Amino acid sequence: MFRFRDRETAGRIVEGLRKMGLNLFLMHVCGTHQDTLVRYGLDRLLEPCGIKIRQGPGCPVCVTTQREIEEALALARRGKLVATFGDMVGVPGESGSLAGLRGEGADVRVVYSIRDAVGLAERTGKEVVFLAIGFETTAPSTAITLLRDPPPNFSVLCCHRYIPPAIRALLDMGETRVQGLIEPGHVSTVIGTRPYEEIAERYRIPQVVAGFEPLDLLMGVYLLAKMVQRGEVGVRNEYTRSVRPEGNVRALKAMGEVFEPVDVDWRGFPVIPGSGMALREEFEEHDARKRYEDELRELEGKEFRAHPSCRCDRVLRGLLDPPDCPLFGRVCTPRSPVGPCMVSSEGSCAIEYKYGRREPSGQPA
Amino acid sequence: MCLAIPGRVVEKRGELARVDFGDGTLREVDVSLVEVEVGQYVIVHAGFAIQVLDEEEARESLRLWQELLSQG
Ligand code: SF4
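Note that this is a predicted model, so its numbers are computed, not measured. Within each chain, residue numbers correspond to sequence positions counted from 1 in written order. Chains carry letters and ligands carry numbers; both start at the beginning, A for chains and 1 for ligands, and go up in the order they are written. Totals for whole chains, interfaces and linings use all residues, but because this is a predicted model, local features are given only for residues with pLDDT of at least 70 and pairs of side-chain atoms are given and counted only at 80 or more. Hydrogens are left out, water is left out, and the side-chain values use all remaining heavy atoms of the structure.

Draft legend 1. Focus on the state of the cysteines. All names here are of chain A. Throughout, disulfides are identified as pairs of cysteine sulfur atoms within 2.5 Å of each other. If you walk through the whole model with that rule in mind, you get one disulfide over all chains. Residue pairing for Cys59: its cysteine sulfur links by disulfide to Cys62, the two sulfurs lying 2.2 Å apart. Here Cys59 and Cys62 share a disulfide; its torsion about the S-S bond, 65°, makes the bridge right-handed.

If you want it as structure tokens, here you go:
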């Protein structure tokens, strides 16, 4: 339907960028952008143009904390059927992974959609817990499902998060001299472009909402580069075929009815105010944290650590390229991942391993 | 996790639709979050359509880019 992979146009964009004589550091917060960037070798095309792009905390699996993984593990150990998206199953917590528990006989299921998890509750009659991760792209599906009065044996371990507070946190921390942001097309499809206007105002930073085809991303970078050159602050929308200023109003309404913002931590970040989605009191019956309070009590007050050499925290804050992690490609591979960034198909480390051609540098980071 | 991908609605029954992803895959998708008709393209994520793609806008983008690029 759409011609968003045309080589000639791509070549013209890159040529235009090269002529600008740039020295730019940009960030995006989306695993799909990272995939497009590395899979099509755009990162290597942009480097000679003086453009460096890193993925920040934009991988839902990666930012899920050790505690949240331990919660799911605790429930699986106590005989609940835990259903979740594929990548989540392989992420190592401190005491193992869901995949590991499945090997020991726990009932862990991979689902494509929350609808499949509800189906499991209906068919098996078991206590089904859906480990719900994802940003605003995924959260509407959880909201709609809860609004439809799912079966009483179905509950949600809610780990959904909002993207704009994480962007604010990243800019507040000020560790990177990021000059422009490529905003995520599908999160923005749901939330619209307005939340970024506030960010532009407050942090004086240019932003472009971009889609996921190679030309979308290149064009997004081009628009952003032009904005930086002109000293323009604001938000531009490259992905107009999907993103409207107001977002998806129905989805936002459902989310508002079901979730309330709470302060939660993200892997690699301290607690980010208002960045977590908690189920409102009306949905208590389907809230796994309330319903299984007794089963989860053993986790109270505990601290859970990640592997001491894993640099996912720095990768997620946009401070490090995966090959600069001392474990990358040697100890840590998709077959035996040490951190979530190597497990998730949206993680920088997994994407680099799969498509990147850079050798591990071996430099301690 | 699962990416969000575009597909074309080929059949609709209430909140559910059959969506053709063009590579021979047809899936049942919940379309309750969007207003869509058979023949239109939707962006699908985790079994739910999150938006209807605007074909007019898509063509317009491609045209605008060419214009922008020729200005240098
Ligand atoms: S390569 Fe592995 S250990 Fe290193 S940051 Fe990535 S996931 Fe963590």
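On we go.
Draft legend 2. Looking closely at the sheet that holds strand 4 (residues 108-110) of chain A. Residue and element names in this part refer to chain A. One open sheet holds the four strands; their spatial order is 4-3-5-6, and the pairing between them is parallel. On the outer flanks of this sheet lie strand 4 and strand 6 (154-160), each paired with one strand and no other. Between one strand axis and the next, the sheet turns by 20° as a mean value, whatever way the strands run. Whether two strands pair depends on DSSP finding at least two bridges between them. Every helix listed is a DSSP run of H or I at least four residues long, and every strand listed is a run of E at least two residues long, numbered separately from the N terminus. Where strand 5 (residues 128-134) lies against strand 6, seven bridges are found, and the strand directions are parallel. Considered in strand 6, the bridge of Val129 is made with Ser155. When checking whether two residues touch, look at their non-hydrogen atoms; a contact exists if any pair is within 4.5 Å. Every angle, taken between N-to-C directions, lies between 0 and 180 degrees, and every axis is a line fitted to C-alpha atoms, over only the stretch in contact when it is a helix. Running over the sheet, helix 5 (residues 66-77) touches strand 3 (81-84), strand 4, strand 5 and strand 6 and is turned about 165° from strand 6. In the packing of helix 9 (residues 139-147) onto the sheet, the strands contacted are strand 5 and strand 6, and the crossing angle to strand 6 comes to about 150°.

Draft legend 3. Structural view of a negative patch on the surface. Only residues above 30% relative accessible area that lack a salt bridge enter a patch, with like-charged residues linked at up to 9 Å and the nonpolar side chains Val, Leu, Ile, Met, Phe, Trp and Tyr linked at up to 5 Å. All accessibility values rest on the Shrake-Rupley procedure with a 1.4 Å probe; residue burial counts only the protein chains present in the view. Definition used for salt bridges: Asp or Glu carboxyl oxygen within 4 Å of a side-chain nitrogen of Lys or Arg. Charge assignment in this entry is limited to Lys and Arg as positive and Asp and Glu as negative, and neither His nor the chain termini are counted. Charge coordinates come from a single atom per side chain, which is NZ of Lys, CZ of Arg, CG of Asp or CD of Glu. On the surface, a cluster of negative charge is contributed by A:Glu281, A:Glu282, A:Glu284, A:Glu293 and A:Glu300. For every residue, the accessible area (1.4 Å probe, protein chains only) is compared with the maximum for its type, and the residue is labelled buried under 20%, exposed over 50%, or partly exposed between those bounds. Of the residues examined, A:Glu300 reaches a relative accessible area of 59% and is grouped as exposed.

Draft legend 4. Fine view of the interface of chain A and chain B. Contacts between the two partners involve 47 residues from chain A, matched on the other side by 37 residues from chain B. Summed over both partners, the accessible surface that disappears when two parts come together, traced with a 1.4 Å probe, is what is meant by buried area. When chain A packs against chain B, the two sides together hide about 3,700 Å² of surface, and 61% of this comes from carbon and sulfur. B:Asp30 is the partner of A:Arg148 in a salt bridge, and the nearest nitrogen-oxygen pair spans 2.8 Å. Whenever two N or O atoms come within 3.5 Å, that pair is a polar contact, provided that in protein one can donate a hydrogen and the other can accept it, and provided that, for residues adjacent in sequence, both atoms are side-chain atoms. The tally of links between chain A and chain B comes to 18 residue pairs in polar contact (both at pLDDT 80 or more). Those elements that place two or more of their residues in the side of chain A that touches chain B are helix 1 (7-19), helix 4 (60-63), helix 8 (114-124), strand 5, helix 9, helix 11 (185-191), helix 13 (214-230) and helix 14 (249-258) of chain A. Counting residues per element, the side of chain A that touches chain B draws most heavily on helix 13 of chain A, which supplies six residues. Broken down by class, the residue content of the side of chain A that touches chain B amounts to 19 nonpolar, 16 polar and twelve charged. Classification used: nonpolar for Ala, Val, Leu, Ile, Met, Phe, Trp, Tyr, Cys and Pro, charged for Asp, Glu, Lys and Arg, polar for all others including Gly.

Draft legend 5. Region of the structure containing the layout of surface pockets. All names here are of chain A. The rule is simple: put a 1 Å grid over the protein atoms alone, call a set of points where a 1.4 Å probe fits but cannot get out a cavity, call an open set with protein on both sides within 12 Å along at least five of seven lines a pocket, and count a residue as lining if it has an atom within 4 Å of a point. Grid points are joined across faces, edges and corners, and a volume is the space filled by probe spheres set on the points. In this structure, the largest pocket occupies an estimated 700 Å³ of space. Lining the largest pocket are 33 residues, with Thr65, Gln66, Arg67, Asp265 and Trp266 sitting closest to its centre. The set of elements that each furnish at least two residues to the lining of the largest pocket consists of helix 5, strand 6, strand 10 (259-265), strand 11 (271-279), helix 15 (288-291) and helix 17 (312-316). Across the lining of the largest pocket, the residue classes break down as 13 nonpolar, six polar and 14 charged.

Draft legend 6. The side chain of A:Asn248, seen in detail. Its location among the elements puts A:Asn248 in the loop between strand 9 (234-237) and helix 14. In this view, A:Asn248 contacts A:Thr189, A:Val190, B:Leu33, B:Val34, B:Ile50 and B:Gln51; residues no more than four positions away in its chain are not counted.

Draft legend 7. Here's a closer look at helix 8 of chain A. Of the positions making up helix 8 of chain A, those classed as buried are A:Ile114, A:Ala117, A:Val118, A:Gly119, A:Leu120 and A:Ala121. On its buried face, helix 8 of chain A is in contact with strand 3, strand 4, strand 5, helix 9 and strand 6 of chain A together with strand 5 (48-52) of chain B. Looking at the residues trailing helix 8 of chain A, positive phi occurs at A:Gly125, about 70°.

Geometric descriptors of this kind do not, in isolation, establish any biological role.
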